[in-house]
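What follows is each chain in one-letter form.
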Amino acid sequence: MMMRVRQEGDDPLKVALLGSGIVGTQVAKLILDHGDDFAARIGRPLELVGIAVRDLTRPRDGLPTELFTDDAEALVARPGTDVVIELIGGIEPAKQLILSAIDHGASVVTANKALLAAHGDEIFDAAERAGVDVYYEAAVAGAIPIVRPLRESLVGDSIRMVMGIVNGTTNYILDKMTTEQTDYETALVQAQDLGYAEADPTADVEGFDAAAKAALLASLAFHTRVNGDQVHTEGITRIVQDDIRAAREVGCVVKLVAIANQLDDSQISVRVHPALIPLGHPLAAVSGAYNAIFVEADAAGRLMFLGPGAGGAPTASAVTGDLVTVARNRARGVAGPNQTIYNNLTVADMGAVQTRYFLRLRVVDEPGVLAAIATILARHGISVQTVLQTPASDTASRTAASAELSLMTHMAIESNLLACLSELKANPSVRSEVRFLRVEGM
Ligand code: HSE
């Protein structure tokens, strides 16, 4: 069904904004300060008709006070609203407000990755039925255009893999641990001081924020609905300085990556976890709080998208890009392209994933130990690519000399690797935990 919007003359398109935090304030300013440019690009002027906030008493950074309301439901239900921009985040009341906006015939622009990863099917279906747009470029990787490239520019290609650094906070922390040899806690405090990490950093450091983004990227890339809870998710809290050092010794850096790739004709893998990335890979050079997304497509080959992944102005750029696009569609009386979900690919269990692994363990330094370790690996079908042995820095055992083994495997199946780890842990020659990290991009 196609939405009927007014066509006559230069009537302004009415825009309601939900939320006036760091991003919302920037968006309101851009709409108010760049009205003439936006009108020229859209073919109709925009009118910001209201900004819904929780607390009307807070200072409003120079924005006209008459625009503010604490009645978000009344704002989205206001007759004639063309576009609702949702920047309050979280599941409720954002979900009900977006559904109400759609129900009242408005198109929606949102940055809400958690909501779309959990309830995208309900929201996109409602928008499809109403013939309105739901655009969400700002939900994944801030200012970086990646939603529209996947949904539109690359829609004629077959995507094989999307691998990204999609969380700036964790990239900042890992980068500090790598370049300044700080420990995790110190780097986290620095990220909090700079405003990257929240006082409660759980969503970032445990990988949940990246998992929601991975679900959205996978849905677009593979035309398959993927929810956030289907994404295998590991954060960076278990990464220690020794992991970073050992990675450096084999020419890699540790990054938190979100990966969606095709395993076979019926299965995809979607996962977020720390991984060793070889220094020569484009993602290895992504520093600070930057984000980057690396895409491999059949015909296009390898593409890299890089830029600021968070922050008020960069995220506002993505929001206003969507606003202008959605407004152009409204001005022409059409809705733009939606996601095309037609491939019912299965999201595979993590055990089915195939990748390379980097294992680190301390063993008794005696004849035959290396051969015994290799035999355990071989029994589980895991082939060793390289081995590095160094005298153990921390000799807890005084009864026999010990050595640190760093092993890089060839491609292996995760379930085999896990079975192998259990056997290694039980072996009397192994004198430490067996640390393992996946290796990607090699
Ligand atoms: N907290 C996120 C990050 C930005 O650090 O990248 C919002 O998703």
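These numbers come from a predicted model, not from an experiment.

> Mind showing me how you'd approach the pattern of salt bridges here?
Two side chains with opposite charge may pair up if their charged atoms get near one another. Scanning all chains against the criterion turns up 24 salt bridges. D298 is the salt-bridge partner of R160, the closest N and O atoms lying 2.9 Å from each other. One end of the pair, R160, is in strand 7 (residues 159-165); the other, D298, is in the loop between strand 11 (290-297) and strand 12 (301-308), and 138 residues separate them in sequence. We classify D298 as partly exposed; its relative accessible area is 47%. Of the charged contacts in the structure, one is a salt bridge between E180 and K176, with a shortest N-O distance of 2.7 Å. Under the relative-accessibility criterion, E180 is labelled partly exposed at 42%.

> Looking at this structure, how should I read the confidence of the model for the protein?
Interpretation of the predicted coordinates at a detailed level should be avoided for regions scoring low in pLDDT. For the protein, the average pLDDT comes to 94, and 96% of its residues sit at 70 or higher. Within the model, pLDDT remains below 50 along residues 1-8, and this stretch shows 23 contacts once partners closer than five positions in the same chain are excluded.

> Help me understand the packing of helix 1 (residues 22-33) against helix 12 (residues 312-332) in this model?
How two helices pack is summed up by the angle between their axes together with the distance between the axes. It is at 8 Å that the axes of helix 1 and helix 12 come closest, and there the two elements cross at 55°. In terms of axis orientation, helix 1 runs oblique to helix 12. Taken as a pair, helix 1 and helix 12 cross one another with a handedness that is right-handed. When helix 1 is examined against helix 12, the residues I22, V23, Q26, V27, L30 and I31 are found in contact with a partner set consisting of G312, A313, T315, A316, V319, T320 and L323. Taken together, the residues of the contact of helix 1 with helix 12 sort by class into nine nonpolar, four polar and no charged.

> How should I be thinking about the site of the ligand in this particular structure?
In the vicinity of the ligand, the contacting residues are K113, N167, G168, T169, D204, D209, K213 and A310. At a separation of 2.6 Å, an oxygen atom of the ligand approaches a polar backbone atom of G168. One nitrogen or oxygen atom from the side chain of D204 is found 2.9 Å from a nitrogen atom belonging to the ligand. Considered on its own, the ligand offers 260 Å² of accessible surface; in the complex 81% of this is hidden by protein. Counting residues per element, the ones that place at least two in the shell around the ligand are helix 7 (168-179) and helix 10 (208-222). A per-class count over the shell around the ligand returns one nonpolar, three polar and four charged.

Calculation criteria
Residues numbered from 1 in each chain as written. Predicted model: local features only at pLDDT ≥ 70, side-chain atom pairs only at ≥ 80, totals over all residues. Heavy atoms only, no water. Salt bridge = Lys/Arg side-chain N within 4 Å of Asp/Glu carboxyl O. Helix = DSSP H or I, 4+ residues; strand = E, 2+ residues; numbered from the N terminus. Buried < 20%, exposed > 50% of the residue type's maximum accessible area, 1.4 Å probe, protein only. pLDDT = per-residue confidence, 0-100. Contact = heavy atoms within 4.5 Å. Axes fitted to C-alpha atoms, helices over the stretch in contact; angles between N-to-C directions. Parallel < 35°, antiparallel > 145°, perpendicular 65-115°, else oblique. Left-handed = near helix turned anticlockwise from the far one by under 90°. Nonpolar A, V, L, I, M, F, W, Y, C, P; charged D, E, K, R; others polar. Near = heavy atom within 4 Å. Polar contact = N/O pair within 3.5 Å; in protein donor to acceptor, adjacent residues only side chain to side chain. Areas by Shrake-Rupley, 256 points an atom, 1.4 Å probe, with all protein chains shown as cover.

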